[in-house]
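Chain and residue survey
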Amino acid sequence: MAEFTLELNDDQKQVRDWLHGFAADVIRPAASEWDEREETPWPVIQEAAKVGIYSLDFYAQQFFDPTGLGIPMALEELFWGDAGIALSIVGTGLAAVGVLANGTEEQIGTWIPQMYGDVDDVKVAAFCSSEPDAGSDVASMRTRAVYDQAKDEWVLNGTKTWATNGGIAGVHVVVAVVDAELGSKGHASFIVPPNTPGLSQGQKFKKHGIRASHTAEVVLEDVRVPGHCLLGGKEKLDQRLARARESAASGGERVKNAAMATFEASRPAVGAMAVGTARAAYEVALDYAKTRTQFGRPIIDNQGVAFQLADMRTQIDAARPLVWRASWMATTGKPFTSAEGSMSKLYASETAKKVTAQAVQILGGNGFTREYPVERMHRDAAIYTIFEGTSEIQRLVIARTLSGMPIR
Ligand SMILES: Cc1cc2nc3c(=O)[nH]c(=O)nc-3n(C[C@H](O)[C@H](O)[C@H](O)COP(=O)(O)OP(=O)(O)OC[C@H]3O[C@@H](n4cnc5c(N)ncnc54)[C@H](O)[C@@H]3O)c2cc1C
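Residues numbered from 1 in each chain as written. Predicted model: local features only at pLDDT ≥ 70, side-chain atom pairs only at ≥ 80, totals over all residues.

Concerning helix α14 (residues 391-403)
What counts, and what does not: Going along the chain from the N terminus, every DSSP run of H or I of four or more residues is numbered as a helix, and every run of E of two or more is numbered as a strand. Helix span, expected: 1.5 Å multiplied by one less than the number of residues in the helix. Neighbour density around each residue's C-beta defines its exposure: 20 or more other C-beta atoms within 10 Å make it buried, 12 or fewer make it exposed, and counts between make it partly exposed, where C-beta atoms are placed from the backbone. In this description, one arc is meant: the one made by directions from the helix axis to the C-beta atoms.
Its 13 residues give α14 an end-to-end C-alpha distance of 18 Å, which sits within 8% of 18 Å, the value for a rise of 1.5 Å per residue. Taken as a whole, α14 has its buried residues at I393, Q394, L396 and V397. All buried residues of α14 fall inside an arc of 160° around its axis, so they share one side. Seen from the buried face of α14, the exposed residues on the opposite side, beyond 90 degrees, are E392 and S403.

Some remarks on the packing of helix α11 (residues 340-362) against α14
Quick note on the threshold: The axes used here are C-alpha line fits, helices contributing only the stretch in contact, and every angle between their N-to-C directions lies in the interval 0 to 180 degrees. A clockwise turn of the near helix away from the far one marks a right-handed crossing, whereas an anticlockwise turn of less than a right angle marks a left-handed crossing. It is the C-beta atoms, placed from the backbone, that decide contacts: two residues are in contact if theirs lie within 7 Å. Note on residue categories: nonpolar means Ala, Val, Leu, Ile, Met, Phe, Trp, Tyr, Cys or Pro, charged means Asp, Glu, Lys or Arg, and polar means any other residue, Gly included.
The geometry of α11 relative to α14 is characterised by a closest axis approach of 9 Å and an angle of 145° between their N-to-C directions. Every pair of crossing elements has a handedness; the one defined by α11 and α14 is left-handed. Of α14, the residues touching α11 (which contributes S342, M343, K345, L346, S349 and E350) are S391, Q394, R395, V397 and I398. Looking at the contact of α11 with α14, its residues break down into four nonpolar, four polar and three charged.

Section: the environment of E371
Inspection of the secondary structure puts E371 in the loop between α12 (364-367) and α13 (374-381). On the basis of neighbour count, E371 is assigned to the exposed category, with 11 C-beta atoms found within 10 Å. Taking the C-alpha atoms as reference points, E371 and S32, 339 residues apart in sequence, are found 9.0 Å from one another.

Some thoughts on the site of the ligand
What counts here: Should the C-beta atom of a residue, placed from the backbone, lie within 6 Å of a molecule or strand, that residue is near it. Just so you know, the domain bounds were taken from an automatic or database domain assignment.
In the vicinity of the ligand lie 22 residues, with S129, G135, S136, T390 and E392 positioned nearest. Where the shell around the ligand is concerned, the elements lending two or more residues are β3 (126-128), β5 (153-164) and α14. Among the domains, domain 2 (126-255) and domain 3 (263-403) are the pair contributing at least three residues each to the shell around the ligand.

Some words on the pairing of β5
Rules: Two strands qualify as a pair provided that DSSP identifies no fewer than 2 bridges between them.
When strand β4 (residues 144-148) meets β5, the two strands line up antiparallel, connected through five bridges. By the bridge assignment for β5, A145 is matched with L156. In textbook terms, the turn of a hairpin is the stretch between consecutive antiparallel strands, and for β4 and β5 this stretch comprises four residues, one of which, D152, has a positive phi near 50°.

Details of the domain arrangement of the protein
Taken as a whole, the protein is organised into domain 1 (10-122), domain 2 (126-255) and domain 3 (263-403). A straight line from the C-alpha centre of domain 2 to that of domain 3 covers 32 Å. With four residues of domain 2 at the contact, the number on the domain 3 side is six residues. Here the residues of the side of domain 2 that touches domain 3 are counted per class, giving one nonpolar, three polar and no charged.

Considering the environment of Y384
Mapped onto the fold, Y384 is located in the loop between α13 and α14. Spatially, the C-alpha atoms of Y384 and E283 are 19 Å apart, while their sequence positions differ by 101 residues. Excluding its chain neighbours within four sequence positions, the residues that come into contact with Y384 are V270, M273, A274, S349 and A352.

Here we look at unusual backbone geometry
Backbone geometry follows two general trends: most residues other than glycine have a negative phi, and most peptide bonds adopt the trans configuration. For D222, which is not glycine, the phi torsion reads 45° and is therefore positive. Mapped onto the elements, D222 comes out in strand β9 (residues 215-226). Among the residues examined, D222 registers 9 C-beta atoms within 10 Å and is labelled exposed. Residues other than glycine seldom take positive phi values, yet A339 does so here, at roughly 55°. Take A339: it is sitting in the loop between α10 (303-331) and α11.

Next comes the structure, spelled out in structure tokens:
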């Protein structure tokens, strides 16, 4: 088992520098254009595929890095380039992790490669859990999956919302209710293969930030998928449901909110994205403060500006080890006894919001215009305290974990 270290090894440093080069040379120069267009940057995804960054192999290599630092290091660099484009590149990973976490080996081998497509014909995938009335409160989910035994098919009906890549994806991973009595324990995940009749894109959202990333509703009307598309398989599902019913009948364990439990290990990834955006904005602000002259001296000569930069950098440097610790814990199977995954996401995302706002302030009027990237970074950073569980939900999870109390 890998010991925790803050020192990247030589291989990791090489990958980090390579990713940084791609972020600086390909992602950052394209950021403003795709933010304005509010469209998926297919040519950039294809470039990432050509050099091997948008690929199952690359993702798996980072995911299985025994130190746990592969994913946070990669995400920080890509999101340093631009959050919207980077999310378009890594959004497929969310669906892939859904299959990795719950799928059989055969399902992993069949579906994950299809999610990425190939270099000449890149595809994206979507993970669809949230619904109009079930955001933080995942247990309120209404999308139903009913088993048609005669045909060995599942029939899905419902409306998903806020799905990254929803409707433009080839493979959609859809979470649905199979037993409404059991709350979030009665949910199961399904693969909806490309071109399945009945799945359509609803509204595409016009957003405040990460505008190069496609976010949309996904409508499911009598969507029939073969039995083998149930992630983990029917036998495992039946066993899991039986255990949950037994536990509910004996008045045992409370049905937990799946948003609080399932995502603990994946939340540091959002923390790493936030660190990337925060670092990018800080660097722009530092350069600007050293070169912008007012009252006959660089503005950084004023403590009021310099101290802001000192705080910005301190908070970024505090956020990163929290993210790395949680990623290391997830990879090495350490229990999250203090909700360390949620802690890392909470601190890093709040830091990104704060630091990008300070960067706008340090750039003055220029910070408020689209001529400078901090305006976009500030809009982008707002997402980190919302998706994969809002900051309030992170605090709820941390407080409940620490206290053991049903804090509401
Ligand atoms: C750009 C974008 C991309 C997304 N991508 C995906 C995706 O790919 N797949 C997917 O399934 N989902 C996705 N989401 C959905 C995202 O995870 C949800 O928006 C998020 O979980 C919050 O849910 P909600 O929007 O319904 O807010 P609500 O749950 O309605 O919350 C509204 C406010 O109330 C607060 N609140 C709610 N409950 C409590 C409580 N118990 N205590 C204190 N405060 C509370 C919240 O913190 C928040 O401030 C995405 C969202 C966005 C905006």
